[in-house]
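What follows is the residue order along each chain.
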Amino acid sequence: MTPEERTRLAGLASEILRENDRGTYTVPTKGLYPFQWNWDSCLTAIGFAALDEDRAWLEMETLFEHQWPDGMVPHIVFHQQDDGYFPGPEVWQTGRPVPTSGITQPPVAGFAARRIFDRSPDKTRFTERVRGLVRKIDRWHDFLYSARDPQGEGLAAIIHPWEAGRDNSIDWDDPFERVPTEGIAPYQRRDVNHADPAHRPTKEQYDRYLWLLEHFRRHGWNNAILHDLSPFRVVDPGFNAILIRSCADLAELAQALGELEIARSNRQRAEKGLSAIERLWSDSHGQYLCLDRVTSKPIDSASVGGVLAVFAAVPENRAQAIGNRIRALGSRCRYLLPSHDPADPRFDAKRYWRGPAWLIVNYMIADGLAAVGGAEMAESIRASSLALIKKGGFAEYYDPITGEACGGGRFTWTAAMVLELLNGGEAPERTLA
Ligand code: GLC
């Protein structure tokens, strides 16, 4: 790419961040997602840091202002009224001072905070603000390893597909069979007014998303009981890898700030998580798989969630096998990385998390690979990501076969990832013992 082209792309990415900036938080995109989303904000903060570090910290601080008393950080904060999105606050009814949803999302905050702080040219200026965040992130990790891991297995379960961030992944098809649809209140979707319905989840899936929501609402959003009460309890390698990575990164950050107890407990969480995630490895698939915590059986679905496991410091032989897996996936499509294996008959190139490529996932996988000697593969993933941008613009996701832009446009975290890619997206050495 020529220097002029890099400058042009960086300019476009910055424009999108500014356009979706609501002052103290950023919306993922206008129309389709008019509120603050949890992992979108944390990944966006990394992009913002390249333009304005103060604004980057503010993005995360705003999110964490809405942390629940039990430590959960909700997946959406409904900062203002907007009828363009369903289900809105009147459906969730979580009773929070500023309305929020009642479930969480991949805990990428520890990773994001460390990355931004490591690069900060003026650390002393931000130290106390970062310390405040570190304590809140620690409480969130504590929540996940208790409320979502009541038996102390070292792996947190998600109780709703939206918690994985991969809403309609093929991973959820089998466990979803157990989720009923009877009795849900009539509703009208809004997402299909903003994006092509063929790129979005189906009605059957939406019915089940809502059944779970109403089930949790009936139980007063009491996280002490929701895990055991949910017919949907899945241990997702992607979610857990992000959590493990965030624990390891939070430990480093806490250590640097002299928060020694937080450093110790997060190091311990990461170590326990790393040994526990091995239970999700599948030799036959050559990657990690989801585990259905209700049946204790692995879920036969080779999605990108199991490839994303490399974002945590998994053993070198696993990382190598994942490299091979990516090579195989790459031979079946033009652009890396499909969110599901194109060889699987259930693959759907344009439907959200059932096939399309997502830049945030590419970024995390490339980062994980680069840290274990997979620099070449990481580079191919980054090159593919930029090729998608050049072809389809700053879309929500892309068809990995044609490169066609799908879902919403002018997407915030896609823009943030482009800034990262243009910066080299370097991964510091892993420091976990
Ligand atoms: C979709 C994605 C989720 C994301 C949200 C906002 O629901 O599946 O991961 O956080 O949109 O961008």
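Preceding this section is the structure that the text describes.
Residues numbered from 1 in each chain as written. Predicted model: local features only at pLDDT ≥ 70, side-chain atom pairs only at ≥ 80, totals over all residues. Heavy atoms only, no water.

Engineer: Give me the lowdown on the nonpolar core, citing residues and values where you can.
Structural biologist: One finds Met60, Ile277, Ile326, Ile360, Ile365 and Ile381 to be the most contacted residues of the largest nonpolar core, which totals 140 residues. Ignoring sequence-local partners within four residues, the contact set of Ile277 consists of Leu155, Pro237, Asn240, Ala241, Ile244, Tyr288, Ala309 and Val314. (Core = buried A, V, L, I, M, F, W, Y, C linked by side-chain atoms within 4.5 Å. Buried < 20%, exposed > 50% of the residue type's maximum accessible area, 1.4 Å probe, protein only. Contact = heavy atoms within 4.5 Å.)

Engineer: An account of the pattern of salt bridges is requested, with residue identities and associated values reported.
Structural biologist: All told, the structure shown has 38 salt bridges when counted by the stated rule. Between Glu59 and Arg55 there is a salt bridge, with its nearest N and O atoms 3.0 Å apart. Of the two residues, Glu59 and Arg55 are both situated in helix α3 (residues 53-64); the distance of four residues between them amounts to about one turn of the helix. Linked through salt bridges whose partners overlap, the residues forming this network are Arg114, Arg115, Asp118, Arg245, Asp249 and Asp367. (Salt bridge = Lys/Arg side-chain N within 4 Å of Asp/Glu carboxyl O. Helix = DSSP H or I, 4+ residues; strand = E, 2+ residues; numbered from the N terminus.)

Engineer: Tell me about the site of the ligand, and please be specific about residues and values.
Structural biologist: What surrounds the ligand is the set Pro28, Tyr33, Trp37, Trp39, Asp40, Gln105, Gly165, Asp167, Tyr352, Trp353, Phe411 and Trp413. Note that an oxygen atom of the ligand is positioned 2.9 Å from one of the side-chain N or O atoms of Trp353. For the ligand, whose free accessible area comes to 300 Å², the fraction covered by protein is 97%. Across the shell around the ligand, the residue classes tally to eight nonpolar, two polar and two charged. (Near = heavy atom within 4 Å. Polar contact = N/O pair within 3.5 Å; in protein donor to acceptor, adjacent residues only side chain to side chain. Areas by Shrake-Rupley, 256 points an atom, 1.4 Å probe, with all protein chains shown as cover. Nonpolar A, V, L, I, M, F, W, Y, C, P; charged D, E, K, R; others polar.)

Engineer: Lay out the packing of aromatic side chains in plain terms, naming residues and giving numbers.
Structural biologist: Under the defined criterion, the tally for this structure stands at 28 aromatic pairs. With centroids separated by 6.2 Å and ring planes inclined at 50°, the aromatic side chains of Trp92 and Trp162 adopt a geometry described as tilted. Residue Trp92 is found in helix α4 (residues 89-92), and its partner Trp162 is found in helix α7 (residues 161-164); the two are separated by 70 residues along the sequence. This pair shows no difference in class: Trp92 is buried, exactly as Trp162 is. Residues Trp281 and Tyr288 carry aromatic rings whose centres are separated by 4.8 Å and whose planes lie at 80° to one another, so their mutual orientation is edge-to-face. Classification of Tyr288 by relative accessible area gives buried; the value is 0%. Among the aromatic residues, those joined into a cluster by ring pairs are Tyr33, Phe35, Trp37, Trp39, Phe78, Tyr85, Tyr352, Trp353, Trp358, Tyr397, Phe411 and Trp413. The ring of Tyr352 is capped by Arg200, whose NZ or CZ atom sits 4.5 Å from the centre of that ring. (Phe/Tyr/Trp six-rings, centres within 6.5 Å; stacked < 30°, edge-to-face > 60°. Lys NZ or Arg CZ within 6 Å of the ring centre and 35° of its normal.)

Engineer: Outline the side chain of Asn223, supporting the account with residue identities and numerical values.
Structural biologist: Position of Asn223 relative to the elements: it lies in helix α11 (residues 223-229). Once residues lying within four places of it in the same chain are set aside, the contact partners of Asn223 are Trp68, Asp70, Met72, Phe143, Ala147 and Arg148.

Engineer: Provide a residue-level description of helix α5 (residues 109-119), including the pertinent values.
Structural biologist: Within α5, nine of the 11 residues are buried, which leaves the element mostly enclosed by the surrounding structure. Every buried residue of α5 is listed here: Ala109, Gly110, Phe111, Ala112, Ala113, Arg114, Arg115, Ile116 and Phe117. Taken together, the buried residues of α5 touch α2 (38-49), α3, α6 (123-147), α12 (237-256), α15 (359-370) and α17 (412-422).

Engineer: Give a description of helix α16 (residues 375-392) that names residues and reports values.
Structural biologist: For α16, which comprises 18 residues, the first-to-last C-alpha distance of 26 Å matches the rise-based estimate of 26 Å (1.5 Å per residue) to within 8%. Listed in full, the buried residues belonging to α16 are Met377, Ala378, Ile381, Arg382, Ser384, Ser385, Leu386, Leu388 and Ile389. Where α16 is buried, its residues meet α1 (3-19), α14 (316-330), α15, β8 (397-398) and α17. One or two steps after α16, the chain reaches Gly393, where phi turns positive at roughly 75°. (Expected span 1.5 Å × (residues − 1).)

Engineer: Residues and numbers for the packing of α12 against helix α13 (residues 260-277), please.
Structural biologist: At a minimum axis distance of 8 Å, the contact between α12 and α13 shows a crossing angle of 150°. Judged on the interaxial angle alone, α13 and α12 are roughly antiparallel. The hand of the α12/α13 crossing is left-handed. On the side of α12, the interface is formed by Pro237, Asn240, Ala241, Ile244, Cys247, Ala248, Leu250, Ala251, Ala254 and Gln255, while α13 contributes Leu260, Ile262, Ala263, Asn266, Arg267, Arg269, Ala270, Gly273, Leu274 and Ile277. Taken together, the residues of the contact of α12 with α13 break down into 14 nonpolar, four polar and two charged. (Axes fitted to C-alpha atoms, helices over the stretch in contact; angles between N-to-C directions. Parallel < 35°, antiparallel > 145°, perpendicular 65-115°, else oblique. Left-handed = near helix turned anticlockwise from the far one by under 90°.)

Spatial relationships are all this shows, so hold off on functional conclusions.
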